[in-house]
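Structural overview for review
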Amino acid sequence: MTAKFLILITVLLSASVLQADNVLVIQSYSPDYEWTKQIQQGITEEIRKSCPETHIYSEYIDAKRVSSEKYFSEFFEMLNTKYQYVSDIDLIITCDNAAYALLKKNDETFYPATGLIACGINWNQTNLLENWNRPVRVFTEHPMVIETVEVVQELFPKRKLAFLCEDNTISGRVSIELFEKHRAEFPKDLEIKYFTNGTLKQISEKLKKNRDEYAILLMNYQRDDEGIYYQTEKVVEIISRLNIPAFVLNYTYMGGAIIGGYPTEPFQEGAIAGKFAGRVLNGKAALAGQSVVDSPHNKLHINLDNLQKFGKDCDAIKHRDPVVSKKPLTAESLINIIGWYSLVTLFLVVIIAILVINFTKRRKAEKKLHSANRYLDTLVRNVPGAIIRCDKEFKCIDYNEYAAELLGFGKKEKLNGKHFCEVTAAINLTDAFDSIKKAIDSGKEFREIFQFPGSSRYYDIRVTQLSSEESSETEILCFIYDISREVKMRLEIEEKKQELERSNSDLEQFAYIASHDLQEPVRMVTCYLDLLESELDSSSQEIWKYIKYAKDGSERINSLIKDLLSYSRAGSNEYEFKAWNLTEIVEESRNSLNPRIDELEAKVDIEELPMIRCDRTQMYRLFTNLLSNALKYHKKDVSPVVIISSEMKDTYWQINVADNGLGISEEYRDKIFEIFKRLNSRSEYEGTGIGLAICKKIVQKHGGSIWVESNSEGGSTFCFTVPII
Ligand code: ADP
């Protein structure tokens with residue numbers, strides 16, 4: 001009671017508000033049924049076009065699910081209650097047979113004077129038209145089963161026809177009747193099998209076994225014998241899975257793998273009724289006296305993709321002018337598609353390649369990073385020094401085992417979070433902390449070597465700041481190396497060096513004193529030998545010989561003493577450095593050797609030589625030694641030729657003394673600069689073996705070096721360097 005009352009209030013209220021025409025649409029099925037949706041849409045769109053203000057009431061019987069007499073009478077009772085007080089329902093539209101039949105039954109009671117437009121009425125149900133009290137116009141629906149079977153025949157002439165429709169629906173029965181009426185027009189061998197009962201599952205199983213023999217013609221099949229109700233899409237899906245060429249008589253079943261057919265189109269049916277309703281409401285058309293009108297013939301729809309799956313094309317049915325949902329491929333469009341496919345494929349290949357490359361790169365980078373981390377980890381663990389990582393507040397973040405050991409902490413003891421001074425308490429860096437902080441704050445590295453009071457241990461301490469572009473976090477790294485051993489060794493070396501220098505200088509002192517003091521007695525021996533010689537009578541040849549030997553010996557001792565004296569002077573610190581013209585010094589040295597030069601018919605060329613800073617006496621000695629050697633060690637029967645030249649190098653002069661003498665084999669080129677080293681016997685060439693050792697000392701004292709090379713003449717070139725002024 002309460003529900004009815006509420007419905008009434010709602011309808012009364014909405015009716016009182018609206019002044020425009022009211023149309024009541026009664027649908028046979030529920031609003032979620034695709035067919036109903038489309039027919040309703042056709043009606044609404046067309047009425048809105050001509051009478052936009054019209055209020056459209058819609059009621060849905062849902063005759064697909066429930067079809068008992070009781071349900072129909074209850075539905076009408078609801079309809080009557082809801083609309084009995086709405087006096088201005090101007091037009092009623094029924095869709096499909098159930099709604100049409102319901103209104104026919106209640107023709108005299110439900111708005112008896114209001115006109116009716118009925119659509120979706122099956123073509124052979126028009127008898128219902130008779131005996132209406134109200135003005136009526138009926139639009140019938142003509143299932144184009146004959147034409148559709150013709151199409152199936154044209155495309156699949158060898159296949160049997162499986163006709164699927166529920167036997168309890170009018171449209172199904174009507175379609176069968178229609179086909180049977182025209183059966184004779186088809187070839188006799190056309191086999192047709194009606195599937196009107198059984199479950200959809202059972203039918204599918206049967207067909208699946210003989211899928212190559214059949215073509216399907218689907219009227220509709222929503223509810224099977226077990227009362228299971230299928231949504232339209234579900235039916236299409238089941239049929240599509242069978243992989244049998246399938247055609248339909250209802251447009252809402254187009255989709256999936258359905259090839260096509262001449263289906264009735266609910267939107268068109270609704271649109272025809274809606275268009276006519278508009279004209280009636282506008283007073284441009286009258287209902288009474290109108291005859292039944294067939295819906296216009298449906299179009300042939302073909303889904304080319306689905307047809308081609310069965311190896312067929314539209315050629316056989318071209319004359320029917322089908323609406324092809326996919327255009328046949330022309331050579332041009334094929335190239336186009338291939339072009340696009342290639343482009344898309346290329347694009348995908350490039351994307352995949354990029355992804356693969358990126359992935360590989362990433363893997364490589366990860367591997368690299370992993371091995372770098374491992375390397376770093378091993379390094380940090382094994383480096384013979386303590387490493388302490390701190391945050392910018394000097395709080396410890398991490399440290400290596402060596403640090404824990406050096407700083408006297410156990411391996412498991414956690415230093416993290418402790419202040420730098422606390423961590424390094426064992427080596428007491430508290431005093432140095434201010435300087436460390438100062439250096440870090442000014443972006444510098446702190447480095448110092450500490451000797452800890454009361455211990456012989458030395459530590460090299462470096463504290464540096466670590467900041468990266470990727471991270472705003474600053475870290476402080478402290479390295480502590482125990483360098484006690486190195487320091488000890490360095491000190492020892494220093495001590496040894498000083499000791500050596502001391503003993504060298506003692507030795508030089510000794511050589512000087514010894515040679516100096518030996519000069520006098522040797523001179524005395526020589527004098528007395530001279531005296532002895534002058535007093536001796538000439539009869540004893542033997543005595544003469546002995547005296548000569550003794551004189552030779554004392555002369556040799558004399559020249560040895562002289563050379564040793566020169567050697568010790570060359571090593572002394574009595575050098576007086578001044579700028580001198582080297583040409584002058586060398587010329588002077590040559591002049592001193594002139595008698596020997598003349599004797600040997602030698603040639604000594606002095607090229608232009610530079611001004612240098614030197615001790616004149618020592619430089620003179622150096623050249624005299626080199627020149628006299630160049631004259632002395634000449635080849636037999638070859639007059640000596642000596643050339644003295646200079647070359648300017650980066651920071652020094654190179655002076656060359658080249659001769660055409662005996663030459664020096666490579667293995668002796670270093671040895672000859674050592675004291676007393678000689679390559680020839682004294683009987684052949686006079687000498688003490690000290691000359692080149694003196695030269696080396698003098699060159700070293702002038703900050704240069706001396707060596708010997710062989711030259712193209714087969715002789716030797718003695719080279720030495722002196723700094724440029
Ligand atoms: P020495 O008094 O024997 O000349 P030096 O120290 O001057 O002593 O020379 C050492 C040795 O180097 C010489 O004995 C000689 O064998 C070799 N020597 C030096 N100068 C020349 C040279 N210009 N040509 C060949 N050999 C040389």
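The text that follows walks through the structure, step by step, so that each part is easy to find. (Residues numbered from 1 in each chain as written. Predicted model: local features only at pLDDT ≥ 70, side-chain atom pairs only at ≥ 80, totals over all residues. Heavy atoms only, no water.)

**Some thoughts on the overall build of the protein**
Check the secondary structure of the protein and you find 20 helices and 25 strands. Counting only C-alpha atoms and orienting by the principal axes, one finds that the protein spans roughly 195 × 70 × 50 Å. Among the 725 residues that make up the protein, the fraction classed as buried is 42%. Considering only intrachain contacts with a sequence separation of at least 6, the fraction spanning at least 24 residues in the protein is 65%. In the protein, 91 positive and 106 negative side-chain charges are present, and the distance between their average locations comes to 4 Å. (Helix = DSSP H or I, 4+ residues; strand = E, 2+ residues; numbered from the N terminus. Buried < 20%, exposed > 50% of the residue type's maximum accessible area, 1.4 Å probe, protein only. Contact = heavy atoms within 4.5 Å. Lys, Arg positive; Asp, Glu negative; His and termini not counted. Charge placed at Lys NZ, Arg CZ, Asp CG, Glu CD.)

**Notes on helix H20 (residues 691-701)**
Inspection of H20 places Leu-692, Ala-693, Ile-694, Cys-695, Lys-697, Ile-698 and Val-699 among the buried residues, and these make up the whole buried set. Positive backbone phi, approximately 80°, marks Gly-703, located one or two places after H20.

**Remarks on the packing of aromatic side chains**
All told, the structure shown has 19 aromatic pairs when counted by the stated rule. Judged by centre distance (6.2 Å) and plane angle (70°), the ring pair of Phe-673 and Phe-718 falls under edge-to-face. Here the residue Phe-673 occupies a position in the loop between strand E23 (652-659) and H20, and Phe-718 occupies one in strand E25 (residues 716-723), the gap between them amounting to 45 residues. Judged by relative accessible area, Phe-673 falls into the buried class, the value being 7%. Every member of this aromatic cluster is reached through a ring pair, and the members are Tyr-71, Phe-72 and Phe-75. The cationic tip of Arg-137 hangs over the ring face of Phe-276; the distance from NZ or CZ to the ring centre is 4.2 Å. Sitting above the plane of the Trp-580 ring, Arg-616 keeps its charged end 5.1 Å from the centroid. (Phe/Tyr/Trp six-rings, centres within 6.5 Å; stacked < 30°, edge-to-face > 60°. Lys NZ or Arg CZ within 6 Å of the ring centre and 35° of its normal.)

**Considering the site of the ligand**
Taken together, 19 residues form the shell around the ligand, and within it Asn-629, Tyr-633, Arg-678, Asn-680 and Leu-692 come nearest. Contacts to the ligand include Tyr-633, whose side-chain N or O atom sits 2.7 Å from an oxygen atom. Taken by itself the ligand offers 530 Å² of open surface, and the protein chains cover 97% of this. Considering every element that reaches the shell around the ligand, the biggest residue donor is helix H19 (residues 616-632), with three residues. (Near = heavy atom within 4 Å. Polar contact = N/O pair within 3.5 Å; in protein donor to acceptor, adjacent residues only side chain to side chain. Areas by Shrake-Rupley, 256 points an atom, 1.4 Å probe, with all protein chains shown as cover.)

**Description of the packing of helix H3 (residues 69-83) against helix H4 (residues 96-105)**
Interaxial distance between H3 and H4 falls to 11 Å at its minimum, and their mutual angle equals 70°. Classed by the angle they form, the pair H3 and H4 counts as roughly perpendicular. The two elements H3 and H4 cross, and the hand of that crossing is right-handed. For the pair formed by H3 and H4, the contact residues are Glu-69, Phe-72, Phe-75 and Phe-76 on the first element and Ala-98, Leu-102 and Lys-105 on the second. When grouped by side-chain class, the residues that make up the contact of H3 with H4 number five nonpolar, no polar and two charged. (Axes fitted to C-alpha atoms, helices over the stretch in contact; angles between N-to-C directions. Parallel < 35°, antiparallel > 145°, perpendicular 65-115°, else oblique. Left-handed = near helix turned anticlockwise from the far one by under 90°. Nonpolar A, V, L, I, M, F, W, Y, C, P; charged D, E, K, R; others polar.)

**Considering the sheet that holds strand E14 (residues 386-391)**
In a beta sheet, neighbouring strands pair by backbone hydrogen bonds and run either parallel or antiparallel. If you trace the five strands from one edge of the open sheet to the other, you get E15-E14-E18-E17-E16, paired in antiparallel fashion. Both outer strands of the open sheet, strand E15 (396-399) and strand E16 (446-451), are each paired with one neighbouring strand and no more. Ignoring strand direction, the axes of neighbouring strands in this sheet form an average angle of 20°. (Pairing = 2+ DSSP bridges.)

**Re the nonpolar core**
Among the nonpolar cores identified, the biggest contains 50 residues, and Ile-26, Ile-61, Ile-93, Phe-110 and Ile-117 are the most heavily contacted of them. The dominant element in this core, judged by the number of residues it contributes, is H3, at six residues. Beyond its immediate stretch of four places on either side in the chain, Ile-117 contacts Leu-91, Ile-92, Ile-93, Thr-94, Arg-137, Phe-139, Ala-273, Phe-276, Ala-277 and Leu-287. (Core = buried A, V, L, I, M, F, W, Y, C linked by side-chain atoms within 4.5 Å.)

**Here's the deal with the sheet that holds strand E20 (residues 603-606)**
Read across the open sheet, the five strands follow the order E20-E22-E23-E25-E24; overall the sheet is mixed. With partners counted over all chains shown, the strands left at the sheet margins are E20 and strand E24 (706-710), one partner each. Strand-to-strand twist in this sheet, taken as the mean axis angle between neighbours without regard to direction, amounts to 20°. Note: E20 against strand E22 (residues 641-648), four bridges, orientation parallel. Paired with Ile-606 across the strands is Ile-644, a residue of E22.

**With respect to unusual backbone geometry**
One non-glycine residue, Asp-96, lies in positive phi territory at about 70°. Positionally, Asp-96 belongs in helix H4. Residue class for Asp-96 comes out buried when judged on its relative accessible area of 3%. Despite not being glycine, Asn-243 shows a phi value in the positive range, around 60°. You can see Asn-243 is positioned in the loop between helix H8 (232-242) and strand E9 (246-248).

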